[in-house]
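Examining the three-dimensional arrangement
For reference, the chains in residue letters:
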2 protein chains.
Amino acid sequence: MRALIAGKGNLPLTLAAAMTKAGDPFRVYAPEGFAPDLPQVDSFRVEGLGKLLRDLRKAGVTEVCFAGAMQRPPVDMSRLHPLSLPLVPRLMKVMGQGDDRLLREVIAIFEEAGLRVRGAHEIAPELVLQAGPLTPRGPETTEVADADRAAAILAAVGPLDLGQGCVVAGGLCLAIETLPGTDAMLDFVARARPRLGRVGGGVLVKRAKPGQDLRIDMPTIGPDTVTAAAAAGLTGIAVEAGKVLVLNRSVLRERAKAAGIAVWAQP
Amino acid sequence: MRALIAGKGNLPLTLAAAMTKAGDPFRVYAPEGFAPDLPQVDSFRVEGLGKLLRDLRKAGVTEVCFAGAMQRPPVDMSRLHPLSLPLVPRLMKVMGQGDDRLLREVIAIFEEAGLRVRGAHEIAPELVLQAGPLTPRGPETTEVADADRAAAILAAVGPLDLGQGCVVAGGLCLAIETLPGTDAMLDFVARARPRLGRVGGGVLVKRAKPGQDLRIDMPTIGPDTVTAAAAAGLTGIAVEAGKVLVLNRSVLRERAKAAGIAVWAQP
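Rules and cut-offs
- Counting starts from 1 at the beginning of each chain's written sequence and moves along it residue by residue.
- Going through the entries in the order they are written, you letter the chains from A and number the ligands from 1.
- Only residues with pLDDT of 70 or above have their local features reported here, since the model is predicted, and side-chain atom pairs are shown and tallied only from 80 upward, although totals for entire chains, interfaces and linings are computed over all residues.
- Note that the side-chain values use all heavy atoms of the structure and ignore hydrogens as well as water.
- Residue burial is assigned from relative accessible area. The probe radius is 1.4 Å, only protein chains are included, and a residue is buried under 20% of its type maximum, exposed over 50%, and partly exposed in between.
- Working definition: helices are DSSP H or I runs of at least four residues, strands are E runs of at least two. Numbering for both runs from the N terminus.
- DSSP-based pairing: two strands are paired if at least 2 bridges between them are found.
- Contact criterion: two residues are considered in contact whenever any of their non-hydrogen atoms come within 4.5 Å of each other.
- Here an axis means a line fitted to C-alpha atoms, over the contact stretch when the element is a helix, while the angle between two N-to-C directions is reported on a 0 to 180 degree scale.
- Whenever a carboxyl oxygen of Asp or Glu lies within 4 Å of a side-chain nitrogen of Lys or Arg, that contact is scored as a salt bridge.
- When an angle is under 35 degrees it counts as roughly parallel; over 145 it counts as roughly antiparallel; between 65 and 115 it counts as roughly perpendicular; any other value is oblique.
- In this scheme the handedness of a crossing depends on how the near helix is turned from the far one: anticlockwise by less than a right angle means left-handed, clockwise means right-handed.
- Under this grouping Gly is polar, as are all residues other than the nonpolar Ala, Val, Leu, Ile, Met, Phe, Trp, Tyr, Cys and Pro and the charged Asp, Glu, Lys and Arg.
- Under the rule applied, a polar contact is a pair of N or O atoms within 3.5 Å (in protein, one hydrogen donor and one hydrogen acceptor; residues adjacent in sequence only if both atoms are side-chain atoms).

Let's talk about the pairing of strand S4 (residues 63-67) of chain A
Residue and element names in this part refer to chain A.
- Along S4, five of the five residues are buried, which leaves the element largely enclosed by surrounding structure.
- Relative to S4, strand S1 (residues 2-6) runs parallel, the two sharing five bridges. The partner of Ala 6 across the bridge, within S4, is Ala 67.
- Judged from the three bridges that link them, S4 and strand S5 (residues 116-118) form a sheet pairing that is parallel.

Encoded structure:
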């Protein structure tokens, strides 16, 4: 039995559909107050993490997949479940060390509890791209150059647990993704565009951080990414082959084609 | 005789005042269509760079200081001055390689023409801070930690010719400065703030790029930086000692004090 720990966005629905199609039995768990559009969702509180682990084992769950965006919730220590108590010092210790470190600790806790944590790309391999163009129009030479520079920038900031996204136009870096995420970054580029003078076009690159554990917080694009990229005046989107989830691929491709945006996977 | 090549902002006025006070003779040159609030400004076109170099020497100029923000102007090749022709291949070659590379080339061209290029901090050393607090309130431990992380991030991205600014809050990177500049970055943080949940406060760090030639594009803060930082919900501003221009220092200090923002110089 698998458990889907469902956050925001379409990914949990996409994975549920993929598992249903494959005939794999699964259950869905979501943070309290957040109800994904799926049947039979069990809710949990972050203060009840210890209890959740017990409930998962009781339900016969052996594999877990975290799917969808999860923001760090506020923690109410007065609501801490007794089974969560032993976990508090571990989580407190890594709390200020960036998302990567915190998420690695959460994975470790699940695996020590006997639950195998799987990545979305393992459950539905058809969600990532092989190297090459997705759109009929492949990238132009200048777009490949911009994408290469963005990839180099991401390689440099990755060890610092920073963004999976970067925008480069004509060799100039317009934005690096930080905590607020890809949409906020593209909104920033759209707002800055009138002040950029002769700097036109540009490419969004999404890549996993170097050495990133893809089982949590895997980089993702979807049709809305294309819309936001077009609004930011970009002409290309490059994702790392095999390591970036592409949601709603056919809609994304059509939208990119209509906007004149080349989408491709770089090695 | 010195020449001030004046861009936007208060810096050219501040330097003119400093040189007037010191009794140093100087002339002011500004790009065509842009008139700084100074007496006797000679204008030039970027297409006439070769002519400008000749005019400077004719006027007895031996030292040049670039001051104030200058955006890359659109170049109209049909207006190219004959004296600029030999410079075109050099400038074209570095055009796509980032601001740093382009600015180094411009400095080299001026120096090869026999003009010594000086930094604003050399003309008015009182514009940079020594290590330590500028405001009555010095930084708290968490603010120092955030500033240290921001400095580490800037050290990592510096070799890629990226930003002189970074915002970190509670150990989490909220923004890295890119082409659109510090104000655009702080506006981004202000807009993202409502979505950041429990991530409060934060520190803006401004530093020179590692190995940066301070004679062009020196990092700068002023009273408006404090206003923008306050609007972004930040509680601290840290600048690199000796390498960041602080304009209108007394107004900046009062404004920071009123906003509860600690301003200090880190080594």
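Topic: the sheet that holds strand S6 (residues 132-133) of chain A
All names here are of chain A.
- Sheet architecture is open: six strands sit in the order S6-S13-S11-S9-S7-S8, paired in mixed fashion. With one partner strand each, in any of the chains shown, S6 and strand S8 (172-176) form the two edges of the open sheet.
- Examined bridge by bridge, strand S7 (residues 165-169) and S8 share four bridges and lie antiparallel to one another. The residue bridging Val 168 from the neighbouring strand is Cys 173, located in S8.
- Strand contacts of helix H7 (residues 182-192): S7, S8 and strand S9 (203-206), with the helix running at about 135 degrees to S8, the strand carrying the most contacts.

Comments concerning the pattern of salt bridges
- Applying the stated rule across the entire model yields 41 salt bridges over all chains.
- Across the pair Glu 143 of chain B and Arg 137 of chain B runs a salt bridge, and its minimum N-O distance is 3.0 Å.
- Under the relative-accessibility criterion, Arg 137 of chain B is labelled partly exposed at 29%.
- The partner of Lys 243 of chain B in a salt bridge is Glu 240 of chain B, with the nearest N and O atoms 4.0 Å apart.
- A single salt-bridge network, built from bridges that share partners, covers Arg 2, Asp 24, Glu 63, Arg 118 and Glu 122 of chain A.

Here we look at the packing of helix H8 (residues 223-231) of chain B against helix H9 (residues 249-259) of chain B
Residues and elements named next belong to chain B.
- Relative orientation of the contacting elements H8 and H9 amounts to 15 degrees, with a least axis distance of 8 Å. By the angle between their directions, the pair H8 and H9 is classed as roughly parallel. Where H8 crosses over H9, the handedness of that crossing is right-handed. For the pair formed by H8 and H9, the contact residues are Pro 223, Asp 224, Val 226, Thr 227 and Ala 230 on the first element and Val 251, Leu 252, Arg 255, Ala 256 and Ala 259 on the second.
- Class assignment of the residues belonging to the contact of H8 with H9 gives a composition of seven nonpolar, one polar and two charged.

Quick notes on the side chain of Arg 118 of chain B
All names here are of chain B.
- Checked against the element boundaries, Arg 118 lands in strand S5 (residues 116-118).
- Classification of Arg 118 as buried rests on a relative accessible area of 14%.
- Side-chain polar atoms of Arg 118 contact the side chain of Glu 63, separated by 2.6 Å.
- In contact with Arg 118, not counting residues within four places along its chain, are Arg 2, Glu 63, Val 64, Cys 65, Phe 66 and Arg 215.

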